[in-house]
Amino acid sequence: MNDETPNSGYSPDDIDKFDVSANDDGEWRDDEDYSEETQLSQLSALDLDVTPSTGVTPLGTRPIDDASGFADDTARMPGLSSPDTAFDSDAERPNRGRARERIEKRKGKTSEQRAVAGRPHTPPVRNVPPRERTVRDPSQIVTRGITSARSAAQTAVRGAARAMPDAQLRMPVNRVGLYLFGSLVFVVVVVFVLGQIRNRPTSAPPNAIWLGTEWTFDPITEAQVFALTERLKQHQIGTVFAYTAYLRADSTWSAQEEVRIQSVIQFVGWFDKYYPEAELYAWVGVPIETPDIPYRGDDEILHQAVADFSKRVVDEYGYDGVHLNVEQIWNADEGYLAMLRRVRQTVGNDVFVSVTIPPDWSPIGAGIPVPPLIVPGTVWERDYKQSVALLVDQMVVMAYNSGLGAPSDYTQWMAYQVQTFAESISELGGGTEIIIGIPTYDDEPPGHYTSVENVITAVEGIKLGIELSGTAADFVRGAAIYASWETDDQEWSDFLSAWVRAN
C-alpha cells in the first residue's frame, strides 16, 4: 500500500501470520526467514488521519477536475473461538434466536412502511435487476390522466349513440343518462390513476459503488454532484458507500475536524436533492487486525464506539444507514458477531446496516481453481455466514484479489462466491440481500491483475453464479463497483453493456 494506490479489499497477500509472502517477481513464497520486520519494511506509510489502514480504502483518490470524467478453513486463528465450541442450535445461542425474530419482523414490513421510515426499498429480483423508475411531475401525470378519462367518456358517449336507434337519441332523458354515465367513468378513471401514482413505491436501482474522499472531503460543486447522480442513474447504481471515517489504532475516529464533517453533510444534502430514491450509506472503516494493530475484535469498548458512530452518521450526518468495512474477519470470529449485535442494539431495527464480507479465498474440494496461497480461516462456514446475515441488512462480498492467473479461473472462482453466499443466505428465508463487489482498480500483484480480474470476467462469473444458484439467486441484488476513482470510461462502458443492459 502507498499513498497512490488503494489497497483494494483485504487480501491474503497481506497476511503475515503464516510466514507466506510474495517475492519480487510476484511469485508466492513460503520462507521462514522472511521476517515480520522485512514485511513491514515494505509497507509504505499511510496518512492515518484521512484513510483506513486496510481494506477497500480511498487511498490515492484524485481530485475531480471534470464532472464528466467519471483450505482447511477450520484451523484456529489468533483471537478466534475453537470450532469445537461452536453452538449447534438456536436454543444454545439465544442471541441468534432473537436475531431470527428481528429478521422475521423485517421481512414482514411492507414497501409502504419502509418508505415511511425514509428508506424506499424493494426486495432483490432474481437475475433481472429492476429498471430505474423516473419520478415524473405529478401535475403532468394527473393532467394526462384527466385527459385520458375525458376522452374515454366522450368515446363511450359516441359509442352508445351509434348503438341506439334514432328515435331513442331524440329523447332528452337518454342524452342526460349518457352524460351521467360518462361522468361516472371519468371519476372512476381519475381515482384509479391517482391511486396508482400514490401507491407505486419508488425503488433504488440494484447496483452499488464505493465513493472516496474526493466527494466527501475535497471541495466540490453542486453541479458536480448532479453530474455524479446522472451517471449513477444511467448505470442503475442506486446504493452508494461514501467514505466517512475510520477507527484509528488509539480508538479515535478520523476526519472529525469540523470542516470535514460539514463537507460530508453538504455532500449528503446535495446527493439527496438530486437522487432521493438512492440509498446513501456512510462507509466506515474498522481495522481490527493489521501489522500496526494487534487483534482487538473482542474489545467491548471498541464495539460500543462503532455502534455509537453508526448511529451518529445517521442522526447527525444525514445518511440512510451505515456501511461497516471491518477487517480482517476470520471464520467463526465471535468478536465480530458481538460488534454487530451491539451496533444493531444501538441503531435499532429501522436503520439499514451494510457490511463488507471477505470472499471464500481458498475453498478446498469445491471443484474450482484455488489460488496459489492457501490461507486457513478465510473460508467462512455456512453457519457463520448465516450468523452475520441475521444481524445485518446487506452483505457486500469483496470478490477480488483472488491471486488467480487466468481469466477463466477467476470467472469460476467468482461464480462460486455468488453461489455459496446465495445458498447460505437463502436458507434464512429472507431479510438480507447480497451485493457482489467487482474490481476496476489497477494491477496490485500478486493478488490482482487487470488482465484476469476485470469488469467483463467478474460479470461473467456473477451470471454463472446466479445460474448455478437457482432460486437462491433471489437474494443477489446486484454488483458493486470498487471503486469510483479507479473506474475509467472503458470500464463504465463495459459495466453498462455487459451487466446493466444485458439484464
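The structure displayed is predicted, hence computed values, not measured ones.

*Asks:* Help me understand the pairing of strand β5 (residues 279–287) in this model?
*Replies:* The element β5 is largely enclosed, with a buried count of nine among its nine residues. Covered by surrounding structure in β5 are Glu279, Tyr281, Trp283, Gly285 and Pro287 together with Leu280, Ala282, Val284 and Val286, the residues of both alternating faces. Relative to β5, strand β4 (residues 237–246) runs parallel, the two being bridged by seven bridges. Counterpart to phenylalanine 241 in the pairing with β5 is tyrosine 281. At this point the chain moves from β4, through helix α9 (residues 258–274), to the parallel β5, and the crossover so formed is right-handed. Bridge count between β5 and strand β6 (residues 321–327): seven bridges; the pairing is parallel. What sits directly across from tyrosine 281, in β6, is glycine 321. In this region the chain leaves β5, passes through helix α10 (residues 300–315) and returns to the parallel neighbour β6; the handedness of that crossover is right-handed.

*Asks:* I would appreciate a short explanation of the side chain of glutamate 491 in the present structure.
*Replies:* Mapping glutamate 491 onto the fold places it in helix α15 (residues 489–500). Look past the residues within four positions of glutamate 491 in its chain and what remains in contact with it is Thr440, Val455 and Glu486.

*Asks:* Is there a simple way to think about the sheet that holds β4 in this case?
*Replies:* Sheets are built from strands paired through backbone hydrogen bonds, the pairs being either parallel or antiparallel. Taking strand neighbours around the barrel as the criterion, the eight strands line up as β3-β4-β5-β6-β7-β8-β9-β10 in a closed arrangement whose pairing is parallel. Here the strands of the sheet are splayed against their neighbours by 25° on average, with no regard to which way each runs. Both strand β7 (residues 352–357) and strand β8 (residues 394–398) contribute to a ladder of four bridges, which runs parallel. Residue threonine 356 lies in a different strand from β8, and its bridge partner there is valine 396. Sheet contacts for helix α11 (residues 334–347): β5, β6 and β7; angle to β7, the most-contacted strand, approximately 160°. Most of the contacts of α15 go to strand β10 (residues 476–482), to which it runs at about 165°, and overall it touches β3 (207–211), β4, β9 (433–439) and β10.

*Asks:* Which parts of the structure should I look at to understand the packing of aromatic side chains?
*Replies:* Under the defined criterion, the tally for this structure stands at 20 aromatic pairs. Aromatic side chains tryptophan 380 and tyrosine 384 sit 4.8 Å apart centroid to centroid with 75° between the ring planes, which places their arrangement in the edge-to-face category. Neither tryptophan 380 nor tyrosine 384 differs from the other in exposure class; each is buried. Here the aromatic residues Trp210, Phe217, Phe241, Tyr243, Tyr281, Trp283, Phe352, Tyr400, Tyr441, Tyr482 and Trp485 are joined through ring pairs into a cluster of three or more. In this structure, arginine 260 packs its charged tip against the face of phenylalanine 217, placed 5.1 Å from the ring centre.

*Asks:* Honestly, the confidence of the model for the chain in this entry has me stumped. Any pointers?
*Replies:* When pLDDT is low, close inspection of the predicted coordinates is not appropriate. Residues with a pLDDT of 70 or more make up 60% of the chain, whose mean pLDDT is 75. Every residue in residues 68–96 is under pLDDT 50, and counting partners more than four places away or in other chains gives 57 contacts. Taken as a whole, residues 193–201 scores under 50 in pLDDT and shows six contacts with residues more than four places along the chain or in a different chain.

*Asks:* Just to check I follow, could you spell out helix α8 (residues 222–234) for this structure?
*Replies:* Working note: α-helix, 3.6 residues per turn, so residues spaced by three or four point in the same direction. With 13 residues, α8 should reach 18 Å at 1.5 Å per residue; the first-to-last C-alpha distance of 19 Å fits that figure. For α8, the full list of buried residues reads Gln224, Val225, Leu228, Thr229, Arg231, Leu232 and Lys233. Within two residues after α8, glutamine 236 carries a phi angle of roughly 55°, on the positive side.

*Asks:* I would appreciate a short explanation of the nonpolar core in the present structure.
*Replies:* A general tendency of soluble globular proteins is for nonpolar side chains to be buried together. Residues Phe267, Phe271, Val286, Tyr336, Val355 and Val388 are the most contacted members of the largest nonpolar core, which totals 110 residues. It is helix α13 (residues 407–426) that contributes the most residues to this core, eight residues altogether. Beyond its immediate stretch of four places on either side in the chain, valine 388 contacts Tyr336, Leu337, Leu340, Val355, Ile357, Trp380 and Met395.

*Asks:* Please explain α10 as it appears in this structure.
*Replies:* The end-to-end C-alpha separation of α10 is 23 Å, in line with the 22 Å expected for 16 residues at 1.5 Å each. Those residues of α10 that fall on the buried side of the exposure criterion are Leu302, His303, Val306, Ala307, Phe309, Ser310, Val313 and Val314. Taken down its axis, α10 places every buried residue within 165° of arc, on the same side. Those residues of α10 that are exposed and aimed more than 90 degrees away from the buried face are Glu300, Ile301 and Asp315. Looking at where α10 begins, the residue whose side-chain oxygen comes 2.9 Å from the main-chain nitrogen of isoleucine 301 is aspartate 299.

*Asks:* Would you explain the pattern of salt bridges in this entry?
*Replies:* Side-chain pairs of opposite charge can arise where the charged atoms are in close proximity. Tallied over the full model, the rule gives 13 salt bridges. Linking glutamate 279 and arginine 477 is a salt bridge whose minimum nitrogen-to-oxygen distance equals 3.8 Å. Remark: arginine 477 occurs in strand β10 and glutamate 279 occurs in strand β5; sequence separation between them is 198 residues. The buried category is assigned to glutamate 279, whose relative accessible area is 4%.

*Asks:* Quick question: what am I supposed to make of the pairing of β9 here?
*Replies:* Where a strand is regular, its side chains alternate between the two sheet faces. Within β9, seven of the seven residues are buried, leaving the element largely enclosed by the surrounding structure. As defined by bridge partners, β8 adjoins β9 across five bridges and the pair is classed as parallel. Residue pairing across strands places valine 397 opposite isoleucine 436, the latter belonging to β9. With respect to chirality, the unit in which β8 leads through α13 into the neighbouring parallel β9 is right-handed. As paired strands, β9 and β10 are joined by six bridges and run parallel to one another. Bridging across to β10, isoleucine 435 finds its partner in glycine 478. Viewed along the sheet, the connection from β9 through helix α14 (residues 455–469) into β10 turns out right-handed.

*Asks:* When you look at unusual backbone geometry in this model, what are you seeing that I'm missing?
*Replies:* A cis geometry characterises the amide bond from glutamate 327 onward to glutamine 328, with omega recorded as -5°. With respect to the helices and strands, the residue glutamine 328 is situated in the loop between β6 and α11. Following tyrosine 482, the chain continues into alanine 483 via a peptide bond in cis, with omega recorded as 10°. With respect to the helices, strands and loops of the structure, alanine 483 is situated in the loop between β10 and α15. Look at alanine 255: it is not a glycine, yet its phi comes out positive at around 55°. Assignment of secondary structure puts alanine 255 in the loop between β4 and α9.

Parameters at a glance
- Residues numbered from 1 in each chain as written.
- Predicted model: local features only at pLDDT ≥ 70, side-chain atom pairs only at ≥ 80, totals over all residues.
- Heavy atoms only, no water.
- Buried < 20%, exposed > 50% of the residue type's maximum accessible area, 1.4 Å probe, protein only.
- Helix = DSSP H or I, 4+ residues; strand = E, 2+ residues; numbered from the N terminus.
- Pairing = 2+ DSSP bridges.
- Right-handed = clockwise from strand over helix to strand, strands pointing away.
- Contact = heavy atoms within 4.5 Å.
- Axes fitted to C-alpha atoms, helices over the stretch in contact; angles between N-to-C directions.
- Phe/Tyr/Trp six-rings, centres within 6.5 Å; stacked < 30°, edge-to-face > 60°.
- Lys NZ or Arg CZ within 6 Å of the ring centre and 35° of its normal.
- pLDDT = per-residue confidence, 0-100.
- Expected span 1.5 Å × (residues − 1).
- Core = buried A, V, L, I, M, F, W, Y, C linked by side-chain atoms within 4.5 Å.
- Arc of directions from axis to C-beta.
- Polar contact = N/O pair within 3.5 Å; in protein donor to acceptor, adjacent residues only side chain to side chain.
- Salt bridge = Lys/Arg side-chain N within 4 Å of Asp/Glu carboxyl O.

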